Amino acid sequence: MAVLFSPKADYTEVAKNQYTVEVSIPNFIKGESELALKFGYKLEDVLAPYNVESKNYSYKGVTGIKEYQPVYDEKGQLIKALYTINIAFANPNHVLKIDKVRPFPELRYDKNLTLPLDFSAIAKPIANPSYPSPWIL
C-alpha cells in the first residue's frame, strides 16, 4: 500500500518572479520515498485588478521544480529540500503581475505510484452470481 503525505512547504520571494521553496520532509525513506513539487501561480492585471484574477493556478513557465538542494540532519536523514523556482510568463505590455503563488509538494512512499490515480484501471469488478437479480440468494 502506498501512502502519500503532504509535507509542509514555505516560500520566500527572493527577486521578481523568483522564489525559494523550503519543503520540510518528516518521513523520507532513502531509496523508497520520492519527493515531487508542483508550483502554481495566479496572475493579476495591474490595470484592472478587480476582475482579472485567474481562477486556476497556472504551471506554465515554471522552472526549478525537479532539482532541489537537500538538507540532512546529524544522522544523515533528509529533513528538508530547498528549491529555487523561476517563473517566466507572457506579459503583454507589462500589465500582468504574479498575484498569488502556491507550492504543492508530495511525498510518495511507493515510487511506482503516480498521480492522478486512474481508479478505473485498478478497480476490479466483484463477481455477483445472482446478477441480474441481486435479491436471489
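Sequence order as written defines residue numbering, which begins from 1 separately in each chain. Per-residue local features of the predicted model are confined to residues with pLDDT of at least 70, and side-chain atom pairs are confined, for both listing and counting, to 80 or more; whole-chain, interface and lining totals are unaffected and use all residues. Side-chain calculation: all heavy atoms of the structure are included, whereas hydrogens and water are not.

Student: I would appreciate a short explanation of the pattern of salt bridges in the present structure.
Tutor: Any two side chains of opposite charge can pair, given that their charged atoms come close. A carboxyl oxygen of Asp or Glu within 4 Å of a side-chain nitrogen of Lys or Arg is what we treat as a salt bridge. Per the counting criterion, the structure on display carries 3 salt bridges. In this structure, Lys8 engages Asp10 in a salt bridge whose closest nitrogen and oxygen atoms are separated by 3.9 Å. Look at Lys8 and you get exposed, because its relative accessible area is 53%. We call a residue buried when its accessible area falls under 20% of the maximum for its residue type, exposed when it is over 50%, and partly exposed in between, using a 1.4 Å probe and counting protein chains only. By relative accessible area, Asp10 is classed as partly exposed at 39%.

Student: When you look at unusual backbone geometry in this model, what are you seeing that I'm missing?
Tutor: What is expected of a backbone is that most residues other than glycine have negative phi and most peptide bonds are trans. Although it is not a glycine, Asn17 adopts a positive phi angle of roughly 65°. Numbering of helices and strands runs from the N terminus, with a helix taken as a DSSP run of H or I at least four residues long and a strand as a DSSP run of E at least two residues long. If you trace the backbone, Asn17 turns up in the loop between strand 2 (8-15) and strand 3 (18-24).

Student: Can you walk me through the pairing of strand 6 (residues 69-72) in this structure?
Tutor: Looking along a regular strand, one sees the side chains alternate between the two faces of the sheet. In this scheme, strands are said to pair when DSSP sees at least two bridges between them. Here strand 6 pairs with strand 7 (residues 78-87) via 4 bridges, running antiparallel. When the sheet's bridge partners are listed, Pro70 is paired in strand 7 with Ala81. Hairpin connection, strand 6 to strand 7: the antiparallel pair is bridged by 5 residues, and Gly76 has positive phi, about 85°.

Student: Where do I start with the environment of Asp45 in this structure?
Tutor: Considering the arrangement of structural elements, one finds Asp45 in strand 4 (residues 34-45). Relative accessible area serves as the criterion here: at 16%, Asp45 is assigned to the buried category. For the pair Asp45 and His94, spaced 49 residues apart in sequence, the C-alpha to C-alpha distance is 9.1 Å.

Student: I tried to follow the nonpolar core on my own but got confused; where do I start?
Tutor: Nonpolar side chains tend to gather and get buried jointly when the protein is soluble and globular. With 22 residues, the main nonpolar core has Ile25, Phe39, Tyr41, Tyr83, Ile85, Ile87 and Ile98 as its most contacted residues. Breaking this core down by element, the ones donating at least two residues are strand 3, strand 4, strand 7 and strand 8 (96-108). The residues contacting Tyr83, other than those within four sequence positions of it, are Tyr19, Thr20, Val21, Val23, Leu35, Leu37, Gly64, Ile65, Glu67 and Tyr68. Working definition of a nonpolar core: buried Ala, Val, Leu, Ile, Met, Phe, Trp, Tyr and Cys residues. They are joined through side-chain atoms within 4.5 Å. We call two residues contacting when some pair of their heavy atoms lies within 4.5 Å.

Student: Is there a simple way to think about the packing of aromatic side chains in this case?
Tutor: Given two aromatic rings, one states the distance between the centres and the angle between the planes to describe the pair. Pairs were defined over the aromatic rings of Phe, Tyr and Trp, the Trp ring being its six-membered one, requiring ring centres within 6.5 Å. Orientation was assigned from the angle between planes: stacked under 30 degrees, edge-to-face over 60, tilted for the rest. Tallied over the full model, the rule gives 6 aromatic pairs. Between Tyr11 and Tyr19, the ring centres sit 6.1 Å apart and the planes meet at 75°, which makes this aromatic pair edge-to-face. Residue classification places Tyr19 among the buried positions, given a relative accessible area of 4%. Measuring from centroid to centroid gives 5.4 Å for Tyr68 and Tyr83, while their planes differ by 50°, and the two rings are tilted. Here Tyr83 lies in strand 7 and Tyr68 lies in the loop between strand 5 (62-63) and strand 6, a separation of 15 residues in the sequence.

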